[in-house]
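Chain by chain, the residues run as shown.
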Amino acid sequence: MLEKKVIREWCISNGCGYHFYGDEPLIIILGEGYAKFQHHEEQEEIIEQAKPDYLLHEFLGARRYDPGVKRHTFLEGVPVNCIDDFELSDKSLSEDKHVMAWAEKYGFIAIGIDLSYAELDIVEKEIHRKYPEYICTTESPIEVIYRERRMGNRIVEYQPKTTKPLVVVMEAHHIRPLSQIHRILKRESITYVCINQDRER
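Residues numbered from 1 in each chain as written. Predicted model: local features only at pLDDT ≥ 70, side-chain atom pairs only at ≥ 80, totals over all residues. Heavy atoms only, no water.

Attention now goes to the packing of helix 1 (residues 4-14) against helix 2 (residues 39-50). Helix 2 packs onto helix 1 with a crossing angle of 160° between their chain directions and a minimal axis gap of 12 Å. It follows from the interaxial angle that helix 1 and helix 2 lie roughly antiparallel. The chirality of how helix 1 crosses helix 2 is right-handed. Residues Val 6, Trp 10 and Asn 14 of helix 1 lie in contact with helix 2, whose contacting residues are Glu 42, Glu 45, Ile 46 and Gln 49. (Axes fitted to C-alpha atoms, helices over the stretch in contact; angles between N-to-C directions. Helix = DSSP H or I, 4+ residues; strand = E, 2+ residues; numbered from the N terminus. Parallel < 35°, antiparallel > 145°, perpendicular 65-115°, else oblique. Left-handed = near helix turned anticlockwise from the far one by under 90°. Contact = heavy atoms within 4.5 Å.)

Now for the pairing of strand 7 (residues 166-171). Within a regular strand, the side chains alternate between the two sheet faces. Of all six residues in strand 7, six are buried, a share of seventy percent or more. The pairing of strand 2 (residues 27-32) with strand 7 spans six bridges and is parallel. What sits directly across from Ile 28, in strand 7, is Val 167. Sheet analysis places strand 3 (residues 54-57) next to strand 7, joined by three bridges and oriented parallel. (Buried < 20%, exposed > 50% of the residue type's maximum accessible area, 1.4 Å probe, protein only. Pairing = 2+ DSSP bridges.)

Looking now at the environment of Val 168. By secondary structure assignment, the location of Val 168 is in strand 7. When sequence neighbours within four positions are dropped, the list of residues in contact with Val 168 reads Ile 27, Ile 28, Ile 29, Leu 30, Leu 56, Ile 113 and Ile 155.

Right, let's talk about the layout of surface pockets for a bit. Computed from the structure, the largest pocket encloses a volume of approximately 400 Å³. Together, 20 residues line the largest pocket, and Glu 58, Phe 59, Asp 114, Tyr 117 and Arg 147 are the ones closest to its centre. Listed by contribution, the elements that provide at least two residues to the lining of the largest pocket are helix 3 (82-87) and helix 5 (117-130). Its residues assigned to classes, the lining of the largest pocket shows eight nonpolar, three polar and nine charged. (1 Å grid on protein atoms, 1.4 Å probe; cavity = no way out; pocket = protein on both sides within 12 Å on 5 of 7 lines; lining within 4 Å. Points joined across faces, edges and corners; volume = space filled by probe spheres on them. Nonpolar A, V, L, I, M, F, W, Y, C, P; charged D, E, K, R; others polar.)

Ile 7, Ile 28, Leu 55, Phe 108, Val 167 and Ile 195 are the most contacted members of the largest nonpolar core, which totals 24 residues. Residue assignment for this core shows that the elements contributing at least two residues are helix 1, strand 2, helix 2, helix 4 (97-106), strand 7 and strand 8 (192-196). When residues of this core are assigned to their parent elements, the largest contribution, four residues, is made by helix 4. Formed by 23 residues, the second largest nonpolar core is a distinct cluster that contains Val 78, Ile 113, Met 151 and Met 170. (Core = buried A, V, L, I, M, F, W, Y, C linked by side-chain atoms within 4.5 Å.)

What follows is about helix 1. Of all the residues in helix 1, the buried ones are Ile 7, Trp 10 and Cys 11. When helix 1 is viewed along its axis, its buried side chains cluster within an angular range of 100° and face the same direction. Opposite the buried face of helix 1, by more than 90 degrees, sit the exposed residues Lys 5, Ile 12 and Ser 13. Two residues or fewer after helix 1 comes Gly 15, characterised by a positive phi angle close to 70°. (Arc of directions from axis to C-beta.)

Turning to the sheet that holds strand 7, a few remarks are in order. Spatially, eight strands are ordered 1-8-2-7-3-6-4-5 in an open sheet, and the strand pairing comes out mixed. Either end of the sheet is taken by a strand with one partner, and the two such strands are strand 1 (17-21) and strand 5 (71-74). If you compare each strand with its neighbour and ignore which way they point, the axes differ by 20° on average. Bridge analysis of strand 2 against strand 8 gives five bridges, and the strand direction is parallel. When the sheet's bridge partners are listed, Ile 27 is paired in strand 8 with Tyr 192.

In this section: the packing of helix 6 (residues 141-158) against helix 7 (residues 180-187). Close contact between helix 6 and helix 7 brings their axes to 8 Å; oriented N to C, the two are set at 30°. With respect to each other, helix 6 and helix 7 are oriented roughly parallel. Considering the relative orientation of helix 6 and helix 7, their crossing is right-handed. Residues Ile 145, Glu 148, Arg 149, Met 151, Gly 152, Asn 153, Ile 155 and Val 156 of helix 6 pack against Gln 180, Ile 181, Ile 184, Leu 185 and Arg 187 of helix 7. Of the residues in the contact of helix 6 with helix 7, the class split is seven nonpolar, three polar and three charged.

Here is the structure:
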């Protein structure tokens, strides 16, 4: 477990905003700027110190990467479609290569925490039944609620699987005060820290 003092000093030295929810955090949530690759170096510093068994990452969608077998698979029980299948190809996973490299270097399993494309399609159909004129995107407020519920529930699912800190990476927008993730983690009485790497938010 990384002590609050160590995390606080790291955040201050790197110019990152932070907020602790409870005492010594079981979960370290890193809120990155979209496509800001310099944040990856900071994330690796936290990973190196925390030595997690699992890294949960928004970019992996509904997939997992096991360095022991060096391949991606879909998480059990998640519906998938042809777009999900395409995402499983090497060509489309280029933006995830840093996660794969970390998994192999540090020996953790990487877990996706977002909805699959098949699930997004189900969600959007449900939203359109209620609000026919609503324009759905992955960033539209109603759709984000569904996505953040998945993120929060996936964090709750994996936290008991390890005695080490659980490291989570997601876009900084998802750690805003009204995020569904806070509601879920607080309901489960899980202690955690959110680190905002996106200095523009």
